[in-house]
Structure formats: C-alpha cells, structure tokens
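So the chains spell out like this:
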Number of protein chains: 2
Amino acid sequence: MLINPMLSDDGKLPYYIQLYDYFKKEILGGTLPADTRLPSIRSLAGQLYISATPVELAYQQLVSEGFIASRPRSGFSVQPMHDFSGAEAAADPPESQSRMLIQAVLPITPRDPQKYVYDFHISKNDFSLFPHKIWRSLFQEQLANPDLLQYGDPQGEPALRASIAAHLRQFRGLHCLPEQVVIGGDQHLLCSLLGHILPGSNRRLGIEDPGYHLLPAAFARNGYEIIPVPLQEDGLDIEQLRDSGAGAVYISPSHQFPCGMIMSIAKRHALLDWAATTGGYIIEDDYDGEFRYHGRPVPSLQGLMENSPVIYMGSFAQSVAPALCVHYMVLPEKLLPAYRNLARELYLEHSASRLNQIALHFFMERGHFARHLRRMRLLYQKKHEALLQAIQLYFGDHAAVRGQGAGFHLLLRLVSSVDARRLAETAAAAGIRVTPMSYTWWGESGAEAHRNDAPEFILGFGAIPEERIGEGIRRLAEVWLG
Amino acid sequence: MLINPMLSDDGKLPYYIQLYDYFKKEILGGTLPADTRLPSIRSLAGQLYISATPVELAYQQLVSEGFIASRPRSGFSVQPMHDFSGAEAAADPPESQSRMLIQAVLPITPRDPQKYVYDFHISKNDFSLFPHKIWRSLFQEQLANPDLLQYGDPQGEPALRASIAAHLRQFRGLHCLPEQVVIGGDQHLLCSLLGHILPGSNRRLGIEDPGYHLLPAAFARNGYEIIPVPLQEDGLDIEQLRDSGAGAVYISPSHQFPCGMIMSIAKRHALLDWAATTGGYIIEDDYDGEFRYHGRPVPSLQGLMENSPVIYMGSFAQSVAPALCVHYMVLPEKLLPAYRNLARELYLEHSASRLNQIALHFFMERGHFARHLRRMRLLYQKKHEALLQAIQLYFGDHAAVRGQGAGFHLLLRLVSSVDARRLAETAAAAGIRVTPMSYTWWGESGAEAHRNDAPEFILGFGAIPEERIGEGIRRLAEVWLG
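Treat the numbers as computed from the prediction; the structure is a model and nothing was measured.

## Re the overall build of chain A
In step 1: From N to C terminus, chain A includes 16 helices and 16 strands.
In step 2: Relative to a compact globule of 482 residues, whose C-alpha radius of gyration would be 23 Å, chain A shows 25 Å and is just as compact.
In step 3: Along the longest, intermediate and shortest principal axes, the C-alpha atoms of chain A span 75 × 60 × 45 Å.
In step 4: For chain A, buried positions account for 58% of its 482 residues.
In step 5: Sequence-distant contacts in chain A: of pairs separated by 6 or more residues, those separated by 24 or more amount to 72%.
In step 6: Approximately 18800 Å² of chain A is accessible, and the part contributed by carbon and sulfur atoms is 51%.

## A short note on the relation of the copies chain B and chain A
In step 1: In the superposition of chain B on chain A (RMSD 0.1 Å, axial shift 0.1 Å), the rotation amounts to 180°. Accordingly, the operation relating the two chain copies is best matched by a two-fold axis.

## Side note on the sheet that holds strand S16 (residues 456-460) of chain A
Residues and elements named next belong to chain A.
In step 1: An order of S12-S13-S16-S15 is seen for the four strands of this open sheet, with the pairing classed as antiparallel. Each edge of the sheet is formed by a strand with only one pairing partner; in this case those strands are strand S12 (399-402) and strand S15 (435-436).
In step 2: Looking at chain direction, S15 and S16 are connected through two bridges and run antiparallel. Residue pairing in the sheet places Thr435 in a bridge with Ile458 of S16.
In step 3: Here helix H14 (residues 420-429) sits on the sheet and contacts strand S13 (409-414), S15 and S16; the angle it forms with S16, its principal contact strand, is near 40°.
In step 4: Helix-sheet contacts for helix H16 (residues 466-481) involve S13 and S16, and the interaxial angle to S13 is about 25°.

## Quick look at helix H7 (residues 187-197) of chain A
Residues lying three or four places apart along an α-helix face the same way, a consequence of the helix completing one turn every 3.6 residues.
In step 1: Along H7(A), ten of the eleven residues are buried, which leaves the element largely enclosed by surrounding structure.
In step 2: Of the residues making up H7(A), those classed as buried are His188(A), Leu189(A), Leu190(A), Cys191(A), Ser192(A), Leu193(A), Leu194(A), Gly195(A), His196(A) and Ile197(A).

## A short note on a nonpolar patch on the surface
All names here are of chain A.
In step 1: On the surface, a cluster of nonpolar side chains totalling about 240 Å² of accessible area is made up of Ile265, Leu304 and Met305.
In step 2: Here Met305 lies in the loop between strand S9 (281-285) and strand S10 (310-315).
In step 3: The partly exposed category is assigned to Met305, whose relative accessible area is 35%.

## Overview of the side chain of His409(A)
All names here are of chain A.
In step 1: Position of His409 relative to the elements: it lies in strand S13.
In step 2: For His409, the side chain forms a polar contact with the main-chain oxygen of Pro258, separated by 3.1 Å.
In step 3: Setting aside its immediate chain neighbours within four residues, His409 contacts His255, Phe257, Pro258, Tyr287, Gly403, Ile458, Leu459, Gly460 and Phe461.

## Some thoughts on the environment of Gly223(B)
In step 1: Here Gly223(B) shows up in the loop between helix H8 (214-221) and strand S6 (225-232).
In step 2: A C-alpha to C-alpha distance of 21 Å links Gly223(B) and Ala275(B), two positions 52 residues apart in sequence.

## Here we look at helix H1 (residues 15-28) of chain A
In step 1: With 14 residues, H1(A) should cover 20 Å at 1.5 Å per step; its first-to-last C-alpha distance of 20 Å lies within 8% of that length.
In step 2: Immediately beyond the C-terminal end of H1(A), within one or two residues, lies Gly30(A), with a positive phi of roughly 90°.

## Section: the packing of aromatic side chains
In step 1: Scanning all chains against the criterion turns up 44 aromatic pairs over all chains.
In step 2: Both rings, one in Tyr347(A) and one in Tyr439(B), keep their centres 6.2 Å apart while their planes meet at 90°; by these two values the pair is edge-to-face. Placement of Tyr347(A) in the loop between helix H11 (336-345) and helix H12 (354-365) and of Tyr439(B) in the loop between strand S15 (435-436) and helix H15 (443-449) is noted, with the two residues assigned to different chains.
In step 3: According to the relative accessible area criterion, Tyr347(A) is partly exposed, its value standing at 28%.
In step 4: Three or more aromatic residues joined by ring pairs form one cluster here, namely Phe127(A), Phe130(A), Trp135(A), Phe139(A), Phe316(A), Tyr328(A), Phe363(A) and Phe369(A).

## As for the environment of Gln381(B)
In step 1: Along the chain, Gln381(B) turns up in helix H13 (residues 368-395).
In step 2: Exposure remark for Gln381(B): the relative accessible area of 24% places this residue in the partly exposed category.

## Some words on the packing of helix H13 (residues 368-395) of chain A against H16(A)
Residue and element names in this part refer to chain A.
In step 1: Running from N to C, H13 and H16 cross one another at 30°; their axes reach a closest spacing of 9 Å. On the basis of their axis angle, the class for H13 and H16 is roughly parallel. The handedness of the crossing between H13 and H16 comes out as right-handed. Along the contact surface, H13 presents Leu379, Lys382, Lys383, Ala386, Leu387, Ala390, Ile391, Tyr394 and Phe395, while H16 presents Glu466, Ile469, Gly470, Ile473, Arg474, Leu476, Ala477, Trp480 and Leu481.
In step 2: Grouping the constituent residues of the contact of H13 with H16 by class yields 13 nonpolar, one polar and four charged.

## Comments concerning the sheet that holds strand S13 (residues 409-414) of chain B
Residue and element names in this part refer to chain B.
In step 1: Pairing is antiparallel across the open sheet formed by four strands, whose spatial order is S12-S13-S16-S15. The two strands at the open ends of the sheet, each matched to only one other strand, are strand S12 (399-402) and S15.
In step 2: When S12 meets S13, the two strands line up antiparallel, connected through four bridges. Paired with Ala399 across the bridge in S13 is Leu414.
In step 3: Here H13 sits on the sheet in contact with S12, S13 and strand S16 (456-460), set at roughly 10° to S13.
In step 4: Packing of helix H16 (residues 466-481) onto the sheet brings it into contact with S13 and S16, and relative to S13 it is tilted by some 25°.

Rules behind the numbers
Residues numbered from 1 in each chain as written. Chains lettered and ligands numbered in written order. Predicted model: local features only at pLDDT ≥ 70, side-chain atom pairs only at ≥ 80, totals over all residues. Heavy atoms only, no water. Helix = DSSP H or I, 4+ residues; strand = E, 2+ residues; numbered from the N terminus. Rg over C-alpha atoms; globule rule 2.2 N^0.38 Å. Buried < 20%, exposed > 50% of the residue type's maximum accessible area, 1.4 Å probe, protein only. Contact = heavy atoms within 4.5 Å. Areas by Shrake-Rupley, 256 points an atom, 1.4 Å probe, with all protein chains shown as cover. Least-squares fit on C-alpha atoms with pLDDT ≥ 70 in both. Pairing = 2+ DSSP bridges. Axes fitted to C-alpha atoms, helices over the stretch in contact; angles between N-to-C directions. Patch = residues over 30% accessible without salt bridge, like charges linked within 9 Å, V, L, I, M, F, W, Y side chains within 5 Å. Salt bridge = Lys/Arg side-chain N within 4 Å of Asp/Glu carboxyl O. Polar contact = N/O pair within 3.5 Å; in protein donor to acceptor, adjacent residues only side chain to side chain. Expected span 1.5 Å × (residues − 1). Phe/Tyr/Trp six-rings, centres within 6.5 Å; stacked < 30°, edge-to-face > 60°. Parallel < 35°, antiparallel > 145°, perpendicular 65-115°, else oblique. Left-handed = near helix turned anticlockwise from the far one by under 90°. Nonpolar A, V, L, I, M, F, W, Y, C, P; charged D, E, K, R; others polar.

Next comes the structure, spelled out in structure tokens:
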C-alpha cells in the first residue's frame, strides 16, 4: 500500500485540505481498502517534512465524515466503504455486482478538487459563450460516419490541417501550407518530435526568463541544455541570446508570458538575423495571439519572412477547449523531410482523436471558429477591463499592473514586504486563487535571485465569471491590505 | 516548393502508383499550385534512385486526368485547379469564398489511398460487428455534459482508470489498482514517459527479434541502446538476455509478434528471476492478449507475482477502434513516485480526448466492452479458421503456417526460392496485400542475416471480410504458384 500524498507548495491550497482530499480520493477510489492502518500523525508529518498540525486537522475531518476511525492503541484506520478493491484478480466477481460497485464509488472527479470562490487561475477557459449546440451537432454528424473509427493520417487529418493553415494565413499572417502542419494529441509529444528533428549538433535551447515552462521542461528531458535569457522592455535580450551559443530559442513574441510585452519589430528582425547567421531555429509560442484588446492582433513572427526558420506552436486548448487534446505545430519547409523520416522511423500513428479533429475541421470550415473567437475576444476584453478597473478602485496606489492589453492574465505587483507565497496562502485561505510570479522563473536559482522582488502575482481572468471579478478583487484587497 | 514523394519499398504499391497518388494529393491540396513546373522525368528518377519508367507512367496518367500538362520545351507543369493555395497571407480573402474552396478540394482522405481487393493487413480492425448504435448513444450522452470541455486528470480520467483496472484484474489476471494506470493519447508519449522513469543507470533495452518495433524505435530515439535477443521455441532466450546486460526487456509473452509462441511458464519465472537479480524491468505488450481461439486466454505475466517489476502496455486500438487514441500502461507501484515527479516536472496535461475516455469508461462499465470482446473473439476465430482452411486447400504442401491460434495474424512460409519482397510485389499487383516477415527483424543487419530464409509473410485477418478470405487465398496461390 502506497501512502504518498503529493503536497503542492504553490500556496493554492493549505496542506490540511490537500491531505484531506488525497485520503478521501484514495479511500473512495478503492486504493485504501477498509481496515488499512494509516500512518500516525507524527510519522506522516515526518515523512512529508511538515508540522503535525495539518495532518491532525486532515485526520479529524476524515473521522468526522466517517472515512476513517480512530481506535484505541491502533491509531487511524479506513472504515468500510463499498467493497470495490476487495475483488481478487482470480475471483471473477459476478459481472453485474462488479459493475454496480464501480458505478457507486467512482463519480467523475474534476482535476482540481478545491472550488475557489474567486478563481484567478492562469489558464482556465470561460465557457459561458461556448456554442454547445453547434458543437454537439457537429459531433453527432460525424458519429454517423463509421470510417472515422479507422486509422487516420499520422500527421493529422488533412482536412483539419488545411483548415488550420487557412486560418493561420488569414488571421495570424503565417506562410503556411497544409503539409507543414503537424497535429498532435499532446504538447509533449510535439516537443519530443521537434527535439528529434531539430539539428542534433546544438542541443542548447534559449528561453525567456521569466517564461512558460512546459516546452522547456520537455526539451530538458530530451537532453537539451536550457539557457534562460533575460527580457528587456521590448522582449528577449538578443545580444545575450547571441552570446549564449544557443541553437534554438523558444519565445512568445505576440504577448510574452507572463510579462506581456510585444516583441518589437527591430527585435524580430534581429532574431531572424540571429537565426540566419547561426543556423538557429525559433520556436514561436502563439497560444494567446488571437486575443488582443486594443488595436489589431500582432502578426506572427513566422509570417515576417518567407521560409523563415520558425516553428509555430498552436493549440485549441484556449481557443476552443482543453479537453479536446488537439495541438499543432507548423514546421518550416526545410524540416519536413526530417519529420517524414522520423514518422517512418517511429511508426507514428495519429495521436489526436479523429472525431475531435474532424469536428474541429468543420467548426473552422463553416465559420463557427472565427465567430467564436470574435465573441470570446469581446467577452475577455470586458473581463480584462473589469479587472483593471477593480484593481484601480480597490488597490489604488498599493499595487501596479503590467502585462495587460492581451491574453488571459495580467500581472499585479503589490507594494508590500510580505513574501509572495505567504500572500498567496492568505488569499487561498479566503477562497481566492492567485499565482505567485515565482512560478515563471526557470530553476531554483532563478526563483532564488528574485526572492526579494516586490510580491507579484499572475491574475488570470479566464475562469472567473465576469460578474465576480470586482467582488474578488475587493476581497483580495481586504485580505491583503486589511 | 518541395517535391519529395516518399516511395515505400514494402512492395505494397508499385512506384508509379505511389508517384501518381503523391502528385494528385499535392495538387489537390494546393501544395503544388497552377503552373508549378515539375522536375523532368530523368531528374526526378535520379533524385529517387529509381528508373525513369515509373515516373513516366505516373506523369502520363496525370496528364490524361488533367492534373498536369506537357508543354513543348518547358516540360510538365501543374494545370489550374481551384485556386486554393493562391490566397496570400496578407490578402484576407473573403471568408465565404475561402470556405467554399476548402470544402471543394479537401475530401477526408483515408490513410491508405490504395484499396486492395484482398487486404491481409497486419493490424487493421474488423468493424462488421461494431456496436455503432450503442457507441453513438454513449457519446451523445456525454456531449450533454459541458464539464467535459475542461481540463481532465493528467494521468487519465479516474473513472476510466478504474474500469481498466477492474477489467485487467478480471480478464487478464493483473494486480492492478486505478492509481497504477496511466492513460495516454499516443504510444510514443507513453514510451517517452516510461523511458524517463525507468532507472537511468542502464539504458539498454532487450527486445524480441523478430518482433514489433514501435516501442523499441521510440526507446532508441530516447537514448536507449536496443539489444535484439533471439527467440526459442517457447519464447525469448533468457540466457542471452542475461548475458546482454540489458536493464529492461520488451516482450509479448501471451502471443509473440510475429511468431505467435506463448512464453512458457518456466521462461516467465526465469524472466522474473532475471528481473529480481538484476533490478531489471519487463515491459509486457499485451495488444492481442484477449484473442485466443482455443482454450482460455493466457494470463498476463504481470499478474504472476505481486509487485512484479512489470510494466503492462495496453490499448483500445485493436479491441475498440484505432481512431480513439486511447492507450495505457500499468506501472508497478514502485515506479509511481517517479511518474508523479515527472508529471509535475513536465507540467503534464491529459493527452487523450476526455470525451473518448468517458465514453470508453461507460462502454466498459455497462458491460458493452466485455460483450464486444466476446463477439469479436468469435468473429476473428471464424476468420482464423477460414484462413487456415483456405491455405491448406489452395497451398497444400507448398506452404507452412505458424503463429496461428490467437491474435489477428498468422505466418505463411512459402516453399520457394523467390525473394519475399518480389513475391509481395507480385501479390500487390494482383490487388493482394501481404507483408514480408523481414518487416519484423530489427535493423539492417537483422534483415540481412535472414535474406536467404524461405520467403515468409504476415497475413492479417482483421481487415479482410470473412467471405473474401477463401477467394483471396485462392488468388494468392494462383499468383504465386501459377
């Protein structure tokens, strides 16, 4: 029996709630069957390097709800639930019984058990305008097509690749043909493929610091050395990139994550020049490039030059729904032969559900996607304005904002000497989720070097309903400013 | 403009048809716009290392169908199609027009453009008994649930993990709790994660030779040395594995691919003993373990011992449908902490469509999956018998069969001195797909060492309808035996 709660230190949830959630889930899920003895308060606290109090609070709560019982001299043990985990491999329980039990104990659990009252999560979506009816009817239409059960094109459905290419040409200014688009069910898979087809002679990847870490973490795991490069007012410090000897660089030029600057046209040209002189590659992450609230969207870097050495990364997670698992990259023509060789070498199959791919294709092709983006942009713009106004109203001179004007978040810097992590915990205790900026510095040393910065937070406005924004910021100011 | 047809040498399609298909697709897809000059026959043939004849035949066919034209002194060039690729990034074509054009030129194309008259493909499914109605209604039910658009559990839906664990315990004899199941949208992704969590000190993977190459290819790309280990009558040569110094081994013990033997219980124990003494890990691929046509299914190796150092790999591609992109692995408990750390380090998100995961969960939980497997087993058993009988009838002493009794294919060895590849080409020209056994030897040297073996072929019976099997084998015998 493995008792191994993973405690998160990001300040979003107090330890005792994390522990309570963990045990409840494991007990309901059958991993901790009836009569399992739990570790003593002291020993679990020791194992987790935390104080005894959160463990004690969690156990008390579990006792009061009947999940565990405290017995004299034998400590805490699990109470009998539906006896799901008792089924032995060899026993072949009657099918109907086993079915019933699974149904009884396994509700579909969301990823994030705690419900925040005010959730300024950095990347959740607002589904209030989602065109559910159109979406359902697109799926229903495709469910009637039995051909879609078969293998699909390993590179992604040709129809969806064409829709993506047309969309990117029209709305993001890319130079893009369908054959350049590679669709994948997962961003790590795409990163891993990309890591294999980039020139192997230079395995150093420059990244923006602070920045978004999913892709760099994947490259690091695939043998790349990650080189954090600092930012200037108008984006990445190209001189430092040049000095770093990196062979590729990962950037978010349309709206830097998390600081929000747009990379200046001078920098864009300097970056392309760096690539031309060094043979380097540029990985352009454009996850929120469609969302700009003043003026026109900033065109992509990829489209600035024909046959540019830019890999453009995109996704439907933010613009449609994360549950789809449809991501893509647009490869420069000169990387296509390497991709095709790799696909043969690895026996690649398609990795995104064909149903989702085809439904998305028709969603785009019939104009629903462009319409949805327009409506979402207006909605997010209103939420963005509401957030700015509320911060001005309730924080006044006690805070400064940057990174506004685009995307799904902004940065709030507090005039305070309190540690950002403690402030985030205080907010969480009041039911408010905010994310400390330290989340975006690469590595221990990066976070360490900025430990004495004024506390700064990423406030996302995707998840929180428009009408709660003002109230949430008012509460946050109350909690923090007293 | 990149003109780079990938010619396949597996003998399934003549070069001229591959070339014709390639150009037609690129022209219709807009990659080769009107007036593009094609390379001369001679230069394309030279680039591809083939004779001029196939190129000439392909060009002739394209001219006759109006895709290209031959002009005096300027060679071959593309004829005007729907002007899809002409849209400039900057031009913002009117939306309605661009939509219409995409629709006109992009039918949903299948992976495999050639339709064989008799398709003995090694891994395609038979959908004749697929419960389309139940399947659609499960999806329709879930489409009404807007929560399923949000992020899911990165490890896979807890409900589906529980259904998988229950199924594997009951039908494959595994020791398996839901927390051990990791669901992924792609097998490479799972392989890549697994490569990261196996002990890093020994990056040598033993594989069955001959065997299935997708997973070894993925491990090879992730820095593993692949060590081919020969087979004996009852499975992998454990002594040679022991001598090889491998730190992990990849096997298909229930029905070896492609030779079909069941690993003997003595070998299974020896293999577990190897793992215990060396600290090695065993990766068990059980892709067709549910399909045995005489007697009971062979229980999994994983279930032979509690807490065995076995990673069990499974998928719904064969048992339900490849289009779903739902695969999984069952990790030993002792690898769970490493997996969880990795998931945090890489910011893992779920990689399989949540809709597909939940639909599959209910498909299993309501008993449809077990019922479907029973019906499929009977269907495949009948096809398997029909294939054996037809081979006996039409080939008699001219061929020998092995690997029968389970799964979706058997091996046919021909008494002949003709090269297997040439025989496969002859069959393909007659509309019959068979796959030379050489496909399953690891590396150039493996294939080379067996070049003088009697010609042997993998005949899959998944794709071909039952009623065509006899006819297909009769034709094959005609073509080969004359």
